[in-house]
Amino acid sequence: MHSASILAGVFLSLLHQVCPQEIITSQYGETIRIPCGPQDSRSEEPFLIKWKYEDKVDGTSGDLLVKRKTNATITASDEFKGRVSIGKDDSLLITNAVLSDQKTYTCMMVMISDISEHSMQVLIRKSPERVELTNNPAAVETGKRTTIGECSADDANPAAKLTWYRNDKPLEHDGKGIVITVSETVDASTGLTSSVSELQYSVEKEDMGALFSCGVQDSALRSKAVNFTINYPTEKVSLEVVTPGLLLEGADVMLRCRADGNPPPSSYVFYLQGKEVTVEDQNSYTLTGVTRDQSGEYKCSPSGDTSLVASHNITIHYLDVALSPSGKLVKAAGEPLPITLEKDASGKVTVAWTKNNASLTEEPQFERLKYSDSGLYECKVSMGDLVSTHSFELLVEGAPVITSLKEELSADGAHKVLSCEAEGFPKPTVEWSGINGTNVEESDYVDGRVTHQLTVVPRANLTVTCLVMNNLGMDSKTTEVSSLLVSHIDDTEVKRMDKQDQTEESGDPAKLAVGIVLGLILVTLALGLGYWFYIKKSKQGSWKTGEKEAGNTEESKKLEEVPQKAEV
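Rules used throughout
- Residues numbered from 1 in each chain as written.
- Predicted model: local features only at pLDDT ≥ 70, side-chain atom pairs only at ≥ 80, totals over all residues.
- Heavy atoms only, no water.
- Helix = DSSP H or I, 4+ residues; strand = E, 2+ residues; numbered from the N terminus.
- Buried < 20%, exposed > 50% of the residue type's maximum accessible area, 1.4 Å probe, protein only.
- Areas by Shrake-Rupley, 256 points an atom, 1.4 Å probe, with all protein chains shown as cover.
- Patch = residues over 30% accessible without salt bridge, like charges linked within 9 Å, V, L, I, M, F, W, Y side chains within 5 Å.
- Salt bridge = Lys/Arg side-chain N within 4 Å of Asp/Glu carboxyl O.
- Lys, Arg positive; Asp, Glu negative; His and termini not counted.
- Charge placed at Lys NZ, Arg CZ, Asp CG, Glu CD.
- Phe/Tyr/Trp six-rings, centres within 6.5 Å; stacked < 30°, edge-to-face > 60°.
- Pairing = 2+ DSSP bridges.
- Axes fitted to C-alpha atoms, helices over the stretch in contact; angles between N-to-C directions.
- Disulfide = S-S within 2.5 Å.

Caption draft 1: Broad picture of the overall build of the protein. Counting secondary structure elements, the protein contains four helices and 39 strands. Buried residues in the protein amount to 34% of all 568 residues. In the form shown here, the protein has an accessible surface area of approximately 33,700 Å², with 51% of it arising from carbon and sulfur atoms.

Structural data, given as structure tokens:
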């Protein structure tokens, strides 16, 4: 008897060796697996394992199964019947987890040398499958707290915590502009909770286009995002000119009246310089074929509300230009030609002149017309993109005038080159008389000026005439051409040579006398040879040269003057 008491005491002391309680979380509808203590802590294999439960909420408890060596006996009540089994590692398996499975489960292991218990608390969790946003309005008004919608998440454990978002930023309940009301309902059959959150929100104009949504806290579950029309009264009106760029005289100008209300007014009144025009179902009005007199202030307002008025100053731009002279005109050289450019514009203008498409630095002025003034003159007056172009073509005409007649020695020193330069319009023709030359050249006719060159080899001193003419008149000039093929000697050199000769002559009277005699002999020979050449040349025919040599009347009659002409 005493031995039995001792054994009972030992058994009870071993029975109190209970491991600390752990918590296992399992998902609703899935299989709960509860281990029978750590496998590595067993010192020997138990010969008996017993699983039991205890509901600490209602105080109920009961056995689930007993395993002796390899045979397991299910002792579970109807609540667990058909759902309880034991695994190979002696863990308790409960299929199709429900909320009522949230209990404390204990595994008791009986070994030869020890008895131990391992308890675990099971929690069942279930997340809602979706979040829905319903009852959201199509339109709301500013200044009023309005129900934006209801957010719901059904069948959850624990109950889902719902959060509202505006453009993905959480909204917090403040009891004023934001009021969030939450309600929860528990399903009697499943014990799962459905949550509903209602948002009342005071909308402002800034919320136009904002997206509202809701979601479960600490979860990725979110509802679809919704927006809605926000209606608010008109507070401001503006008037704008739709027509782009400068408003030009004669163009059409569109005016548009805008109101910031939503919905906007359906009709507007335009105040057009003393005249009122009402337009229905639109907000624009077009001025057709505007004139400069229509520049001024224009106004508009919503129909029926004259307290909101917008205005806009409009300037109709214009550019009037008159140029005198114009067209094609012919003027005489030396005459004056006044240029008059009149401008009347609505703004600052710029003026640009060109002659034959080449830019001029200033407006042309003609006090005395020159042949070089001939050309096409164009005046371009600009005011922004508005441009007015005017032109006139000027022809300066006049009888030709010889501006230069000169002789020069050719580069090789074997010829003389006579140059006759003249100006006039129409283009003058050039004729030479008193000379017979070769290699006639003429320059281009530019700015009413032409140069005619003639290459000659004079055998005697000549008097040569250049004659220029056109249908308005003629001009001529005469020059003396020396037969000596020497370059021109200036007056200073000639005086120096004369003084040198006088000095040499005065230094030796004998030499002077001999020089005079020899000079007379040479002169006599020269006159004789000259006469002989003259008679011979007269018989063969020659150009009139203007030489002053002695001869009878019949010989003089044989001389003919044959002018050589050069048409330019």
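Caption draft 2: Expanded view of a negative patch on the surface. There is a patch of like negative charges on the surface, built from Glu129, Asp154, Asp155 and Asp187. Residue placement: Asp154 occurs in strand S12 (residues 145-156).

Caption draft 3: Expanded view of the packing of aromatic side chains. Enumeration according to the criterion identifies seven aromatic pairs in this entry. Aromatic pair Tyr377 and Phe392: ring centres 5.1 Å apart, planes at 15°, arrangement stacked. With Tyr377 in strand S31 (residues 375-383) and Phe392 in strand S32 (residues 386-409), the pair connects residues that are 15 residues apart, well separated along the chain. On the accessibility criterion, Phe392 (0% relative accessible area) is buried.

Caption draft 4: The sheet that holds strand S2 (residues 32-34), seen in detail. Strands sit in the order S2-S7-S6 across an open sheet of three strands; the sheet is antiparallel. The open sheet is flanked by S2 and strand S6 (84-86), the only strands paired with a single partner. Mean inter-strand twist for the sheet, computed between neighbouring axes without regard to direction, equals 20°. Across three bridges, the pairing between S2 and strand S7 (residues 92-94) is antiparallel. The partner of Arg33 across the bridge, within S7, is Leu93.

Caption draft 5: Region of interest: the state of the cysteines. By the definition in use, this model includes four disulfides. Two residues, Cys257 and Cys300, share a disulfide whose sulfurs are 2.1 Å apart. Every disulfide takes its handedness from the sign of the S-S torsion; for Cys257 and Cys300 that torsion is 80°, giving right-handed. Note that Cys257 is positioned in strand S20 (residues 253-259) and Cys300 in strand S24 (residues 296-302), a separation of 43 residues in sequence. Cys300 matches Cys257 in its accessibility class, with the two residues each being buried.

Caption draft 6: Spotlight on the pattern of salt bridges. Under the counting rule described, the total for this entry stands at 22 salt bridges. Across the pair Glu117 and Lys52 runs a salt bridge whose closest N-O atoms are separated by 3.7 Å. You can see Glu117 sitting in strand S9 (residues 115-125) and its partner Lys52 sitting in strand S3 (residues 48-54), a full 65 residues away along the chain. Given the relative accessible area of 31%, Lys52 is considered partly exposed. Its salt-bridge partner being Lys103, residue Glu79 comes within 3.5 Å of it at the nearest N-O pair. Of this pair, Glu79 sits in the loop between strand S5 (71-74) and S6 while Lys103 sits in the loop between S7 and strand S8 (104-110); the two residues are 24 residues apart in sequence, bridging distant segments of the chain. Look at Glu79 and you get partly exposed, because its relative accessible area is 32%. Each of Glu249, Arg292, Asp320 and Asp344 takes part in one network of salt bridges that share partners.

So far we have only geometry, and geometry alone does not tell us how the molecule works.
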